[in-house]
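# Chains, contacts and geometry: an overview
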Amino acid sequence: MSNDYVIRLTNTHDSVAEKYDKVFVEDVLRAVKEEKHRRMEVVYDSITNSIEKMAERLHNRLIESNEQDSKSIRRLETQSDENKQVSY
């Protein structure tokens with residue numbers, strides 16, 4: 001069994017394969033996995049941040065809507081009270 005490993009790099013035009021030492025290949029694979037994990041964390045953080053902002057905007061909009069509803073109810077109650085006073 002050989003201690004040599006092959007790394008194949010491929011793009012749309014070319015494919016290159018080279019033999020490398022097992023330790024080097026394992027280091028490269030570890031670095032690739034770490035970078036993949038780091039990028040996934042960045043994407044996760046970005047998505048989480050977007051969701052938190054949307055939730056905050058929704059929360060604020062619901063508060064505004066409730067305040068507007070409360071003002072409308074108070075206005076209707078005031079008008080109703082004024083109408084009751086006039087009818088006496």
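Heads up: the structure comes first, above all this text.
Here is a short report on the structure shown in this document. (Residues numbered from 1 in each chain as written. Predicted model: local features only at pLDDT ≥ 70, side-chain atom pairs only at ≥ 80, totals over all residues. Heavy atoms only, no water.)

### Here we look at the packing of aromatic side chains
How we decide: Any two of the Phe, Tyr and Trp rings considered here, Trp counted by its six-membered ring, make a pair once their centres fall within 6.5 Å; the pair's planes then place it as stacked at under 30 degrees, edge-to-face at over 60, or tilted in between. Only protein chains enter the accessibility calculation, which uses a 1.4 Å probe; a residue is then buried when its area is under 20% of its type maximum, exposed when over 50%, and partly exposed in between.
Applying the stated criterion across every chain yields a total of 1 aromatic pair. Here Tyr20 and Phe24 contribute two aromatic rings whose centre-to-centre distance is 5.1 Å and whose plane-to-plane angle is 35°, an arrangement assigned as tilted. A relative accessible area of 32% places Tyr20 in the partly exposed class.

### As for the pairing of strand E2 (residues 15–21)
Worth spelling out the cut-off: By definition, two strands form a pair when at least two bridges between them are found by DSSP. A run of H or I in DSSP counts as a helix once it spans at least four residues, and a run of E counts as a strand once it spans at least two, with each numbered from the N terminus.
When strand E1 (residues 4–10) meets E2, the two strands line up antiparallel, connected through 7 bridges. Each bridged residue has a counterpart across the sheet, and for Tyr5 the counterpart in E2 is Tyr20. Taking the residues that link successive antiparallel strands as the turn, the E1-E2 hairpin has 4 residues.

### With respect to the pattern of salt bridges
The condition is simple: Here, a salt bridge means any side-chain nitrogen of Lys or Arg that lies within 4 Å of a carboxyl oxygen of Asp or Glu.
Taken as a whole, this structure holds 5 salt bridges when the rule is applied. Where Glu26 meets Lys22, a salt bridge forms, and the shortest distance between an N and an O atom there is 4.0 Å. On the criterion of helical spacing, the pair formed by Glu26 and Lys22 is a turn pair, its members being 4 residues apart in helix H1 (residues 22–87). For Lys22, a relative accessible area of 32% gives the class partly exposed. A salt bridge links Glu35 to Arg39, with the shortest nitrogen-to-oxygen separation between them at 2.9 Å. Placement of the pair is Glu35 and Arg39 together in helix H1, with a separation of 4 residues, close to one helical turn. According to the relative accessible area criterion, Glu35 is partly exposed, its value standing at 30%. We classify Arg39 as exposed; its relative accessible area is 53%. Sharing partners across several salt bridges, the network here consists of Glu35, Arg38 and Arg39.

In short, shape yes, function no, at least from these values alone.
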